[in-house]
Amino acid sequence: MLDTTYNVETPEGIDLRAQAAGPVPRVLAYAVDVFYRTLILAALGIALAFADRAGMGIWLLCSFLLEWFYPVFFEVMRGGQTPGKKAFGLMVVNDNLTPVSWGASLLRNLLRFADFLPFAYATGVISMTLSRHFQRLGDFAAGTMVVYRQAEKTATSLPEIAPLAPPRGLQLQDQQALISLAERHEALSEARQRELANLLEPITGKKDGAALDYLRSVGNWLLGK
Amino acid sequence: MNLERLAVRARLRSPWESIDLGIALARQQWWPLFLVWLLPAALLFGACYLLIPESPNLSLLLVWWLKPVFDRLPLFLASRSLFGESVSALAALRQFFAQNRRDWFAWISWRRLSPTRAFDMPVTLLEQSSGAARAARIGVLHRKHASAATWLTLTGFHLETFLLIALVALIYLFIPEQVQIDWMPLFGGDTQWFEWTVNALYLLVMAALAPFYVVSGFCLYIGRRIELEAWDIEIQFRKLRDRHQRERKHREKSKSRAPLAAQLMLLCALGIAAGAAPEVRADSVDTPQEARETIDEVLAGEDFHQLEQVSGWRLKEIDWTQSEFPEWLIALLEWLENRPRDTDQESGWGPFVGLLIEILLWLVVAGLVIYLLWRYREAIVRSLQLRKKAAPKKATPETLFGLDVRQSSLPADVCAEVLRLWRAGDQRDGLGLLYRATLSHLIEDYQFEFGDHLTESECAQLVQQRQRQSEKAPQPDAAPQSGEEARRPVSAPLSGFVHQLTASWQQLAYAHRAPETTRVETLCGQWREAFANGH
């Protein structure tokens, strides 16, 4: 089964799991960051225009700091998210899924020059595309990766139906599927939901509307409605 | 379409995750995808080289324009392999014209510049729909994924350009310094071989990127379909059903063989018990004294006396208060302060630039207003609309916990009947009547939605919850919440009464402990105060 999921098992035996983020959202996130940086530099340039040569010097210093430490600052201080990454729901983490540390963040950002070669991050993009967990060279060196930050689940409306206890012998995935069916009752077409409910006819002993109502009741029960 | 043979995990994905999945899928079988894209395109490009050798850029434009034609074979391959069917590159190439039959003209004319090309192509190629059916289908598919599909195309386009430049730059980096090249005629467009070479490189870059672009768009499409048609649920339900049927078969089989199986089980159990006698690992120790000695021995051993040297950089504590402002900063500020201001006359550009900035600022304000209107459009529309009609009243339950809670089943004077039954020694019926009369009134007069899924205590908790809510909002009658039916608030005494009654009823019904007669009388009195006044 092909998937982009990245799994880590902690020493305590807990499975952590995250979705590795691929080149397309990362390129776009980088573009957003470049846009913000350009805005800041333009504003600085206008503000420092009055102090001609000194202003130029300060501006150059600032552009140096922005280029190399803007990502480091945000990655370490703001939960692994530069503004661009935040816009796309991405975050940088160590490859054991702990928050990224100063050393790792510095290293992965200093090595951007390697990823940049020969032009416009070509090496980085190719490395990201070809590596299993979408890592560029800097990521490999620093032992980091970029994953999707799990969005908080917004409350979905559940079907208006009284809960019922589920039949015995449901495994975790079965329960999750039932919950998903209840949560998506508005998104899926009614006919399709009945079709799905009919699949379980040998277990529920019901058909069509009755089967769907029953499965929805069970879903409500599992969600503790 | 057999979902059980799906080669990727079916789960709900964000559009970006679907694109990532496409990258992973294309990476897995990049060579065949690359070849089936490149060979037809290279053939066309080669033909152009022979036919119109004087216009290399036109040839490249032609190949570039015909991209949708070449995209179909990788898509065909990817769609087959997604469902576990492997098609060789050669077999796919034979299908070139067959795959391009449907809507080929639309794709190379008005749809050529569509930003969602990779996402829409599967509708033509795999669903075989065109015309109005296609438009409706695209509308549904686009509702959530159109923006990601557009960004995918934009990113692909830019990456193509950047990678070409990078490739040329890489070649340039490997030219030795000693080699003198006259660059001017090359970039002036006078040497055709150079342009043909660069264009051929561009063709290679296009072919290398095409699998990723096409398969990403395809996975975006698949992700949308998983979401729309709940493939994940279907696959899981099928698994559950199969498991259930297997188990049932197994049970039926084992029922007929039960005696034999029992014997076997017994034998196995005996075997395990005999073989798995616990092994004594540590030397047995008799007295605490001996144990203490052993502990001391172990503590004195090598394992507890290992030294490790750790070196690293640490921050020293430095007294920062000594110099608050460095000298140079003060000097800089003084210099800035005393700098002669240039007060020359206004240049002719001043007013123009000012006007430009003013216009820009106004545009920003207008944009902000439009954005805010758009952002809160739903709230605005909702506030303009009249309140919705009241939702149809729900069917009230007839029985709860096996008790009849219809109003019609109650006697005219509940309390008198309760006390009569109680004194006659029929305690269960008496208190039960009081309890169901309470539930019945709560449902009818206070619109509580009690159902079979609730326990007695949960009903009591619901009553208490409503009482707390009505305490928080002091005038619920004056301002009923919009969209929600104005529900009658519950007073504190009523809530307390329901609580006590529920406790008494649970004691009697489940523990068979009858409350004292005075308590029942008090409850009856409270019931009258709560419900009987209105009737």
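Chain B is annotated in an unreviewed UniProt entry as DUF4129 domain-containing protein from Microbulbifer taiwanensis.

Per an unreviewed UniProt entry, the recorded name for chain A is RDD family protein, and the organism is Microbulbifer taiwanensis. In the Subcellular location (unreviewed entry) part of its UniProt record, chain A is described as follows: "Membrane".

Here the focus is the overall build of chain A. Scanning chain A for helices and strands turns up 11 helices and four strands. Counting every position in chain A, which comprises 225 residues, the buried fraction comes to 45%. A separation of at least 24 residues holds for 65% of the contacts in chain A among residues at least 6 apart in sequence. Roughly 11,700 Å² of accessible area belongs to chain A as shown, and the carbon and sulfur atoms make up 63% of that amount.

With that out of the way, let us pick up the side chain of Arg243 of chain B. Of note, Arg243 of chain B is situated in helix 12 (residues 231–256). The class of Arg243 of chain B is buried, set by a relative accessible area of 14%. Arg243 of chain B has contacts with Gly169, Leu170, Gln171 and Asp174 of chain A, leaving out every residue within four places of it along the chain.

Averaged over all residues, the pLDDT of chain A equals 88, while 100% of them reach at least 70. Taken element by element, chain A is modelled with least confidence in helix 10 (residues 201–204) of chain A, mean pLDDT 83, and with most confidence in strand 4 (residues 144–148) of chain A, mean pLDDT 93.

Below, the discussion takes up the interface of chain B and chain A. At the junction of the two partners, chain B supplies 52 residues and chain A supplies 53 residues. Summed over the shared surface of chain B and chain A, the number is six salt bridges. Note that Arg243 of chain B and Asp174 of chain A form a salt bridge whose closest N and O atoms lie 2.8 Å from each other. Counting across the chain B and chain A interface gives 20 residue pairs in polar contact (both at pLDDT 80 or more). Where the side of chain B that touches chain A is concerned, the elements lending two or more residues are helix 1 (15–28), helix 9 (132–173), helix 11 (192–229), helix 12 and helix 15 (327–338) of chain B. At 13 residues, helix 12 of chain B tops the list of elements feeding residues into the side of chain B that touches chain A. Per-class residue counts for the side of chain B that touches chain A are 30 nonpolar, six polar and 16 charged.

With that settled, the discussion passes to the nonpolar core. Residues and elements named next belong to chain B. Within the largest apolar cluster, 97 residues are counted, with the highest numbers of intra-cluster contacts made by Leu6, Trp16, Trp37, Leu82, Leu203 and Met206. Ranked by the residues each element gives to this core, the list is headed by helix 11, at 20 residues. Counting 38 residues, the second-largest nonpolar core is a separate cluster that includes Val414, Val418, Phe450 and Phe531.

The subject of this paragraph is the packing of helix 2 (residues 30–51) of chain B against helix 11 of chain B. Helix-helix packing is characterised by the crossing angle of the two axes and by the distance between the axes. All names here are of chain B. Helix 11 packs onto helix 2 with a crossing angle of 145 degrees between their chain directions and a minimal axis gap of 9 Å. For helix 2 against helix 11, the interelement crossing comes out right-handed. Within the contact between the two elements, helix 2 uses Trp30, Leu33, Phe34, Trp37, Leu38, Ala41, Ala42, Phe45, Cys48 and Tyr49 and helix 11 uses Trp196, Asn199, Ala200, Leu203, Leu204, Met206, Ala207, Ala208, Ala210, Pro211, Phe212 and Val215. Partitioned by chemical class, the residues of the contact of helix 2 with helix 11 number 21 nonpolar, one polar and no charged.

By volume, the largest pocket amounts to about 2,200 Å³. In terms of lining, the largest pocket is formed by 46 residues, of which the most central are Lys153 of chain A together with Arg11, Leu12, Arg13 and Asp232 of chain B. Mapped by element, the contributors of at least two residues to the lining of the largest pocket are strand 1 (5–9), strand 2 (15–19) and helix 8 (172–183) of chain A together with helix 1, helix 9 and helix 12 of chain B. When residues in the lining of the largest pocket are grouped by element, the largest group, seven residues, is from helix 8 of chain A. For the lining of the largest pocket, the class distribution of residues is 16 nonpolar, 14 polar and 16 charged.

Residues and elements named next belong to chain B. Together, Trp362, Val365, Leu368, Val369, Tyr371, Leu372, Leu373, Tyr376, Ile380 and Leu384 line one region of the surface with nonpolar side chains, adding up to about 1,000 Å² of accessible area. Every element with two or more residues in the nonpolar patch is listed here: helix 16 (349–375) and helix 17 (377–384). By residue number, the principal contributor to the nonpolar patch is helix 16, which donates seven residues. With respect to the helices and strands, Leu368 occurs in helix 16.

Now for the pattern of salt bridges. The final tally for this structure, using the stated rule, is 31 salt bridges over all chains. In this structure, the salt-bridge partner of Arg136 of chain A is Asp115 of chain A, at a minimum N-O distance of 2.6 Å. Of this pair, Arg136 of chain A sits in the loop between helix 6 (122–130) and helix 7 (137–142) while Asp115 of chain A is found in helix 5 (residues 112–116), placing the two residues 21 residues apart along the sequence. Salt bridges sharing partners connect three or more residues here, namely Asp3 of chain A together with Arg9, Arg11, Arg13 and Glu17 of chain B.

The positions UniProt marks with the feature "transmembrane region" (unreviewed entry) are residues 30–52, 72–93, 151–175, 200–223, 258–277 and 349–374 of chain B. Helix makes up 100% of residues 349–374 of chain B and strand makes up 0%, while its end C-alpha atoms are separated by 37 Å.

We now examine empty space enclosed by the protein. For the structure on display, the rule yields two cavities of 30 Å³ or more. Taken as a whole, the largest cavity spans an internal volume of roughly 60 Å³. Around the largest cavity, the lining residues are Pro167, Leu170, Leu178, Leu200, Ile203, Thr204, Tyr214, Leu215 and Val218 of chain A together with Leu240 of chain B. Per-element accounting of the lining of the largest cavity gives the leading share, three residues, to helix 11 (residues 208–222) of chain A.

This paragraph deals with the confidence of the model for chain B. Residues and elements named next belong to chain B. When pLDDT is averaged along chain B, the result is 82, and 85% of the positions lie at 70 or above. Within the model, pLDDT remains below 50 along residues 273–281, and this stretch shows zero contacts once partners closer than five positions in the same chain are excluded. Among the prediction metrics, the complex's ipTM stands at 0.91, with pTM recorded as 0.69.

Before going further, it helps to examine helix 22 (residues 517–531) of chain B. Residue and element names in this part refer to chain B. Its 15 residues give helix 22 an end-to-end C-alpha distance of 21 Å, which sits within 8% of 21 Å, the value for a rise of 1.5 Å per residue. Within helix 22, the full set of buried residues consists of Val520, Leu523, Cys524, Trp527 and Phe531. End-on view of helix 22: buried residues confined to an arc of 105 degrees, all on one side of the axis. What points out from helix 22, more than 90 degrees from its buried face, is the exposed set Thr518 and Glu529. Packing partners of the buried residues in helix 22 comprise helix 18 (414–423), helix 19 (427–446) and helix 21 (492–511).

On the surface, a cluster of positive charge is made up of Arg168 of chain A together with Arg248, Arg251 and Lys255 of chain B. Positionally, Arg251 of chain B belongs in helix 12.

Once that is clear, we can look at the UniProt feature "transmembrane region" (unreviewed entry) in chain A. Residues and elements named next belong to chain A. Under the UniProt annotation, "transmembrane region" (unreviewed entry) lies at residues 27–50 and 56–76. Across residues 27–50, the secondary structure splits into 88% helix and 0% strand, with the terminal C-alpha atoms separated by 36 Å. For residues 56–76, the helix share is 100%, the strand share is 0%, and the end-to-end C-alpha distance is 29 Å.

For the rest of this paragraph, the subject is the pairing of strand 1 of chain A. Residue and element names in this part refer to chain A. With five bridges connecting them, strand 1 and strand 2 associate as antiparallel partners. Each residue of the ladder has a partner; that of Tyr6, found in strand 2, is Ala18. Taking the residues that link successive antiparallel strands as the turn, the strand 1-strand 2 hairpin has five residues, and the phi of Gly13 there is positive, at about 85 degrees.

Residues and elements named next belong to chain B. Between helix 8 (residues 117–125) and helix 9, the shortest axis-to-axis distance is 8 Å and the interhelical angle comes to 150 degrees. Taken together, the axes of helix 8 and helix 9 lie roughly antiparallel to each other. The segment helix 8 lies against helix 9, with Arg117, Phe119, Asp120, Val123 and Thr124 engaging Arg134, Arg137, Ile138, Leu141, His142, His145, Ala149 and Thr153. Here the residues of the contact of helix 8 with helix 9 sort into five nonpolar, four polar and four charged.

Cut-offs applied
Within any chain, residue numbers begin from 1 and follow the written order of that chain's sequence. The order in which chains are written sets their letters, starting at A; the order in which ligands are written sets their numbers, starting at 1. In keeping with the predicted nature of the model, local features appear solely for residues at pLDDT of at least 70, side-chain atom pairs appear and are counted solely at 80 or more, and the whole-chain, interface and lining totals rest on all residues. With hydrogens and water excluded, all non-hydrogen atoms of the structure serve as input to the side-chain values. UniProt positions are given in the numbering used here, feature names are shortened, and annotations may be inferred rather than shown by experiment. Note on conventions: DSSP H or I runs of at least 4 residues are helices, E runs of at least 2 residues are strands, and numbering of each starts at the N terminus. For the exposure calls, accessible area comes from a 1.4 Å probe over protein chains only, and a residue counts as buried if that area is under 20% of its type's maximum, exposed if over 50%, partly exposed in between. Residues count as neighbours in contact if any of their non-hydrogen atoms are within 4.5 Å of one another. Accessibility throughout is a Shrake-Rupley quantity obtained with a 1.4 Å probe, and a residue counts as covered only by protein chains that appear here. Confidence of the predictor in every single residue is expressed as pLDDT, which spans 0 to 100. A pairing counts as a salt bridge when a side-chain nitrogen of Lys or Arg comes within 4 Å of a carboxyl oxygen of Asp or Glu. The term polar contact refers here to a pair of N or O atoms within 3.5 Å; inside protein, the definition further demands a hydrogen-donor-capable atom paired with an acceptor-capable atom, and it admits residues adjacent in sequence only when both atoms are side-chain atoms. Polar here means any residue outside two lists: the nonpolar Ala, Val, Leu, Ile, Met, Phe, Trp, Tyr, Cys and Pro, and the charged Asp, Glu, Lys and Arg; Gly therefore counts as polar. Nonpolar core, defined: a set of buried Ala, Val, Leu, Ile, Met, Phe, Trp, Tyr and Cys residues in which side-chain atoms within 4.5 Å join the residues together. Fitting a line to C-alpha atoms yields each axis, with helices limited to the stretch in contact; the angle taken between N-to-C directions then spans 0 to 180 degrees. Should the near helix be turned anticlockwise from the far one by less than a right angle, the crossing is left-handed, and should it be turned clockwise, the crossing is right-handed. Here a cavity denotes grid points, spaced 1 Å and computed from the protein atoms alone, that fit a 1.4 Å probe unable to get out, and a pocket denotes an open set having protein on both sides within 12 Å along at least 5 of 7 lines; residues with an atom within 4 Å of a point are the lining. Grid points are joined across faces, edges and corners, and a volume is the space filled by probe spheres set on the points. Patches draw on residues past 30% relative accessible area with no salt bridge. Two like charges within 9 Å are joined, as are two nonpolar side chains (Val, Leu, Ile, Met, Phe, Trp, Tyr) within 5 Å. Helices are assigned an expected span. That span is 1.5 Å times one less than the residue count. Throughout, the arc means the angular range of directions from the helix axis out to the C-beta atoms. Only four residue types enter the charge count, namely Lys and Arg as positive and Asp and Glu as negative; His and the chain termini do not. Every charge is mapped to an atom, namely NZ of Lys, CZ of Arg, CG of Asp or CD of Glu. DSSP-based pairing: two strands are paired if at least 2 bridges between them are found. Convention used here: angles under 35 degrees read as roughly parallel, angles over 145 as roughly antiparallel, angles from 65 to 115 as roughly perpendicular, and any remaining angle as oblique.

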